[in-house]
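# Observations on the three-dimensional arrangement
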Amino acid sequence: MSLSKIKFDKKIVLSFWIILIALIVAAPTLLPVFRLNLLGRYLSLSIVALGVDLIWGYTGLLSLGQGIFFALGGYCAAMYLQITSSSEFPNNIPEFFALYGVEKLPFFWEPFRSPVFTFFAIWIIPALVAGLIGFLVFRNRIKGVYFSILTQASLLVFFNFFNGQQKLINGTNGLKTDVTQLFGQMVGSESMQRLFFWITTVLVIAAWFFAKWVVKGRFGNILIGIRDDEPRVRFTGYNPVIFKTIIFSIAGGLAGISGALYTVQSGIVSPQFMTVPFSIEMVIWVAVGGRGTLLGAILGAVFINYAKSLVSEALPASWMFIQGGLFILVVTALPEGVLGWIQGDGPRNLLQRFGLKRKIETYPSLEVNNKDGNNE
Amino acid sequence: MELLLDSLFNGVAIGSVLLVAALGLAIVFGLMGVINLAHGELMMLGAYTTYVTQLIFKLPILKPFYNSYIIVSIFLAFIVSGVVGILLEKTIIRKLYGSPLETLLATWGVSLILQQFVRSVPLAYGTGLVISLIIGLFLPTTFPSKIKESINFKYFKFSSWIFAALTGVLTGSVISSTVSKLSRASARNVDVTAPSWMRGQVEIIGTAFPKTRLMIIVITLISVIAITLFLNQSAWGMRIRAVTQNRQMSDCLGISTEKVDIITFGIGSGLAGVAGVAVSLLGSVGPNVGGNYIVGCFMVVVLGGVGNLLGTVLASFGIGIMTDLIGAGRLLSIWPDMPIPLSNTINFFATTSMARVMIFALIVIFLQFKPTGLFPQKGRMVEN
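Conventions we followed
Residues numbered from 1 in each chain as written. Chains lettered and ligands numbered in written order. Predicted model: local features only at pLDDT ≥ 70, side-chain atom pairs only at ≥ 80, totals over all residues. Helix = DSSP H or I, 4+ residues; strand = E, 2+ residues; numbered from the N terminus. Rg over C-alpha atoms; globule rule 2.2 N^0.38 Å. Buried ≥ 20, exposed ≤ 12 C-beta atoms within 10 Å, placed from the backbone. Contact = placed C-beta atoms within 7 Å. Axes fitted to C-alpha atoms, helices over the stretch in contact; angles between N-to-C directions. Parallel < 35°, antiparallel > 145°, perpendicular 65-115°, else oblique. Left-handed = near helix turned anticlockwise from the far one by under 90°. Nonpolar A, V, L, I, M, F, W, Y, C, P; charged D, E, K, R; others polar. pLDDT = per-residue confidence, 0-100. Expected span 1.5 Å × (residues − 1).

### So, the overall build of chain B
Scanning chain B from terminus to terminus reveals 16 helices and two strands. In terms of overall size, chain B behaves like a compact globule, its C-alpha atoms giving a radius of gyration of 22 Å where 384 residues would be expected to give roughly 21 Å. Oriented by its inertia axes, the alpha-carbon framework of chain B measures out at about 80 × 60 × 35 Å. A burial count over chain B gives 44% of its 384 residues as buried. In chain B, the share of contacts with a sequence separation of at least 24, taken over all contacts with a separation of at least 6, comes to 79%.

So, in structure tokens, the structure goes:
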């Protein structure tokens, strides 16, 4: 993956941004609530995609377990909402406990009575769990596909745990949030959903700037160094374990925020967030959008999910074929994703192939040197 | 004593399913460095092959041989999954050697397509498609070498593919008109019924063992012995090992690495098919049947150490016995008066899903001490 990027015509970039901002501002008034809610959900998914891009696109760690952190964030938010609106139920605990004959709130629910604690828990708990898993794995220099397999196994561990514990967190049924109260209003109500859409939009932009800041400068350079040649980074005197752990827990925290936003907009959090296919899907959003381009991750998440819902409504059976084809296509033909292709030499090569643009002829050595020279 | 035997047998039974499923994966991953997430779906194809074979053997012509269908289906499943695997290698995986993460994503895509294929295409036509694939891929290799070397070989190849397609369509429509169960696509699970000689139980030293479980252990044993003999005694086995150790040097010495790749991947996928037969005896067969096994198989391979069959065998039986010990809460019955906090903990983990949690956690802890598995590959490389 070359780092060289062609500078786009400023007018094109500017008009792209103006159109995008206009669309977001106009969305709440133009779209029906159902569609707006879908758009909000997909925007919240783009935050987890940003995390995947940070660890995979920039650091080369393919995690197949981002669903863990996504679901943890969702559970934190849902537990708070369930507790605050449980005053009319017996024993002042959420309704589902009565089904299993539980009378006392399990101890780990207690702190979630506090909104401040929940606000921090949503991103700190997933980040801590990610940091712990990451540290244990990275410390042993387990990398590449072994890392992917281990994250997938951890995903199954969490899935089985949450799925099996009815008495602690309602097991496979998950926690509902749409009938709970927040600020004296029903979470599932139209006005609250509009509010969540705005919060999501703001947070996506904030997360995007944050991710940009992370990959900028020396820290980002070390991440890219780890991706391209980890032993060399180690020989130069850096400890890759620390950097990998930090970036993995950042991605975990982003996944937690994303999960919380997704939960309040979809109305439920359940162990289904921790299934294997969902976590691999997150990778394909980034791969299609363009790994190593942060904007690509956001656009990929939103567009693929929107396409998924449109295709599934029209032809339910065909989405699996399309998705499978996307995986194969993006790996074999479009390894840099759509945005990477546009920013790279893709369009020029395409135009050249049809004879619309003159070939740039250089000496091979000049090209090689030029590529090296651009790597600042 | 009886309890111990029972526990050991259960553990070996669980472990042998894992082993036969992981064997193909271990070969492909260990020898080629390819992560095949479609392995579970190749198993599913094997399971469906068993189902189709069973229905075809119910036809009046083959009815007298009905009891032997399970033996036939083992070979058929090997061929079907092997051929699909070879096709996969020729079209996609060949382009991705040396980048395991990319093969992981691409094979996941393949697995999605295979799952949906089984759901939305009638099994009769699926069978026809597989038959035409088998003919199209293998017919050209049977031509005499005089034709193979001639310039016009591509026309021969092309015409054999046309012949293959016609045969496939023909068999597909014949099957769909004779066996009504196969003529419609459905996403519902199907059931394979074991032939009468495999039902019931056998009594050994006072304990009853179900015959299907014993059959799976036998299948696993034969697969392991066959693959070990193949790798260590045959000429192609030697070539495979040579390419594993040093690809460039083997290439220089005149071994066709391309053929070695195809054969290795074909055998690995074929073993997945055999595993599918074993799985079909355990429960109903559906499009998602492979997904239940895939992560467990990868854990076996990682735990055993990559590229080492003995490690794979030990790891799968170890996991099997541990799963039984934890999942059935056997420690409690061996040691009935243990302290209450301990027995509470054991009871907490004494379900199938919680046993899985415990096993995976134990594996992750184990890898803290031996990051490269039970039998690591030796070498002085910075990266392997």
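### Focus: the overall build of chain A
Secondary structure assignment for chain A yields 16 helices and four strands. Here the C-alpha radius of gyration of chain A, 22 Å, is about what a compact globule of 376 residues would show, namely 21 Å. Relative to its 376 residues, chain A shows a buried fraction of 44%. Sequence separation of at least 24 residues holds for 80% of the intrachain contacts in chain A that already meet a minimum separation of 6.

### A few points about the packing of helix α2 (residues 33–58) of chain A against helix α7 (residues 190–215) of chain A
Residue and element names in this part refer to chain A. Close contact between α2 and α7 brings their axes to 9 Å; oriented N to C, the two are set at 20°. With respect to α7, the axis of α2 lies roughly parallel. Crossing hand, α2 versus α7: left-handed.

### With respect to the interface of chain A and chain B
Listed as interface residues are 34 residues of chain A and, on the opposing side, 36 residues of chain B. Elements with a contribution of two residues or more to the side of chain A that touches chain B: α5 (145–164), α11 (276–289) and α13 (318–332) of chain A. Considering each element in turn, the side of chain A that touches chain B owes the most residues, 13 residues, to α5 of chain A. Class assignment for the residues of the side of chain A that touches chain B results in 22 nonpolar, 11 polar and one charged.

### Notes on the packing of α2 of chain A against α11 of chain A
Residues and elements named next belong to chain A. With their axes 9 Å apart at the nearest point, α2 and α11 run at an angle of 75° to one another. Between α2 and α11, the angle is such that the two are roughly perpendicular. Contact residues: α2 offers Val-48, Ala-49, Val-52, Asp-53, Trp-56 and Gly-57, while α11 offers Met-282, Val-283, Trp-285 and Val-286. Here the residues of the contact of α2 with α11 sort into eight nonpolar, one polar and one charged.

### Some points on the environment of Phe-235 of chain A
Residues and elements named next belong to chain A. Within the secondary structure, Phe-235 sits in helix α9 (residues 230–235). Residue Phe-235 is classed as exposed on the basis of its 10 C-beta neighbours within 10 Å. Sequence-wise, Phe-235 and Gly-65 are 170 residues apart; in three dimensions their C-alpha atoms are separated by 29 Å.

### Structural notes on the confidence of the model for chain B
Considering every residue of chain B, the mean pLDDT works out to 83; 96% of them sit at 70 or more. Under the prediction, the complex receives an ipTM of 0.82, its pTM being 0.85.

### A few points about the confidence of the model for chain A
Residue and element names in this part refer to chain A. Residues of chain A with pLDDT of at least 70 account for 91%, and the chain-wide mean is 83. Taken element by element, the predicted model of chain A shows its lowest mean pLDDT in helix α16 (residues 364–373) (50) and its highest in helix α10 (residues 240–266) (93). Taken as a whole, residues 369–376 scores under 50 in pLDDT and shows five contacts with residues more than four places along the chain or in a different chain.

### A short note on the environment of Trp-341 of chain A
Residues and elements named next belong to chain A. Examined against the element boundaries, Trp-341 turns out to sit in helix α14 (residues 337–343). Expressed as a C-alpha distance, the spacing of Trp-341 and Gly-289, which sit 52 residues apart in the sequence, is 9.5 Å. Among all residues touching Trp-341, those that are not within four sequence positions of it are Leu-334, Glu-336 and Gly-346.

### A closer look at the environment of Asn-189 of chain B
All names here are of chain B. Relative to the assigned elements, Asn-189 resides in the loop between α7 (153–178) and β1 (201–204). In the structure, Asn-189 is positioned 96 residues away from Val-285 in sequence and 5.3 Å away in space, judged by C-alpha atoms. When residues no more than four places from it in sequence are discounted, the contact partners of Asn-189 are Ser-284, Val-285 and Gly-286.

### Brief notes about helix α12 (residues 294–314) of chain A
Relative to the 30 Å expected for 21 residues at 1.5 Å per residue, α12 of chain A spans 31 Å between its end C-alpha atoms, a close match to the ideal helical length. Residues of α12 of chain A that are buried sit in contact with α2, α7, α11 and α14 of chain A.

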